[in-house]
Amino acid sequence: MKIGFVLSGGGARGIAHLGVLKALGELGLKPDHIAGSSAGAVAGAMFAAGYSPDETLDILQSTNLLRFVRPALSRMGLLKLDKCEDLYRRYLPEDTFEALHLPLTIATTDLMGGKTVYFNEGPLIRPLLASCCLPGVFEPMLHQQRFYVDGGVLNNMPLDPLEDCCDFFVGSHVNPFGTTERPITSMRGVLERTLYLAINKSSQQQFAKYHLLIEPPALKNYTVFDIKKAREIFRVGYVHTRSLAPQVERLMGLEVRV
């Protein structure tokens, strides 16, 4: 029985994936393959490289991310992520999917081709950065002569690349549905909410395929930019997943009997 974990995009809310991964590990549920988009791709890559969720959180909190983001000189975005390659090479020095301890699939969006493109072999860091290039904020990432943007644009919960290699699916979705309790008072707020609604609509259609879907409702109190609340967000994912222990244990019992 092969277990696949799928981690959604969600900006800073994606830090909750680390708490989810920690709790699931404590409950004895570990992945054979991970797929992720945007923030989920980052969490998945660090986990697949052998970093514990706590180690990844410490790295995140000790890093001044603004040092690695610079203004874009083109008109294709406000910021560039190219310098983040230097940051990722500190922690992923071999820069290949093959060097990871677990199979990983990253979802990106081919901007000109208008389709989802999955990466699971060869160079790792540029596809990883491409999956995080939120349109309008970050300049598209040029990789292998193609421009790529955030994987969540077309597939924020990339389950399909795991359907042929896994039998049991766990989804971690960090964008809970429903109305927002936060007032929308800026253009950035309007853009964030609009993207949130559009992306979540497509994700919801796949939810029935998961044997276990984790969606911490308290994440609605955080925005995709709340990076300074990283430890709070981590704890939200951890506490909610631990509360699902009886369900996890039942599912693991069924898996063993199968």
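Residues numbered from 1 in each chain as written. Predicted model: local features only at pLDDT ≥ 70, side-chain atom pairs only at ≥ 80, totals over all residues. Heavy atoms only, no water.

Q: Summarise the packing of helix 1 (residues 16-26) against helix 3 (residues 53-62); cite the residues concerned and give the values.
A: At a minimum axis separation of 9 Å, helix 1 and helix 3 run at an interaxial angle of 160 degrees. Of the possible angle classes, the one that applies to helix 1 and helix 3 is roughly antiparallel. For the crossing formed where helix 1 meets helix 3, the hand is left-handed. For the pair formed by helix 1 and helix 3, the contact residues are Leu 18, Leu 21 and Lys 22 on the first element and Pro 53, Asp 54, Thr 56 and Leu 57 on the second. Grouping the constituent residues of the contact of helix 1 with helix 3 by class yields four nonpolar, one polar and two charged. (Axes fitted to C-alpha atoms, helices over the stretch in contact; angles between N-to-C directions. Helix = DSSP H or I, 4+ residues; strand = E, 2+ residues; numbered from the N terminus. Parallel < 35°, antiparallel > 145°, perpendicular 65-115°, else oblique. Left-handed = near helix turned anticlockwise from the far one by under 90°. Contact = heavy atoms within 4.5 Å. Nonpolar A, V, L, I, M, F, W, Y, C, P; charged D, E, K, R; others polar.)

Q: I'd like to hear about a nonpolar patch on the surface, residue by residue, with values.
A: The grouping of Leu 111, Met 112, Leu 142 and Phe 147 at the surface amounts to a nonpolar patch, some 380 Å² of accessible area in total. Within the fold, Leu 111 resides in the loop between strand 5 (104-110) and strand 6 (115-119). Classification of Leu 111 by relative accessible area gives partly exposed; the value is 39%. (Patch = residues over 30% accessible without salt bridge, like charges linked within 9 Å, V, L, I, M, F, W, Y side chains within 5 Å. Areas by Shrake-Rupley, 256 points an atom, 1.4 Å probe, with all protein chains shown as cover. Salt bridge = Lys/Arg side-chain N within 4 Å of Asp/Glu carboxyl O. Buried < 20%, exposed > 50% of the residue type's maximum accessible area, 1.4 Å probe, protein only.)

Q: So, the packing of helix 1 against helix 7 (residues 230-242): which residues are in play, and what are the values?
A: One way to put it is that helix 1 packs onto helix 7 with a least axis distance of 6 Å and a crossing angle of 35 degrees. Judged by the twist between their axes, the crossing of helix 1 over helix 7 is right-handed. Together, Ala 16, Leu 18, Gly 19, Val 20, Lys 22, Ala 23, Leu 24 and Glu 26 of helix 1 and Ile 233, Phe 234, Gly 237, Tyr 238, Thr 241 and Arg 242 of helix 7 make up the contact between the two elements. Class assignment of the residues belonging to the contact of helix 1 with helix 7 gives a composition of eight nonpolar, three polar and three charged.

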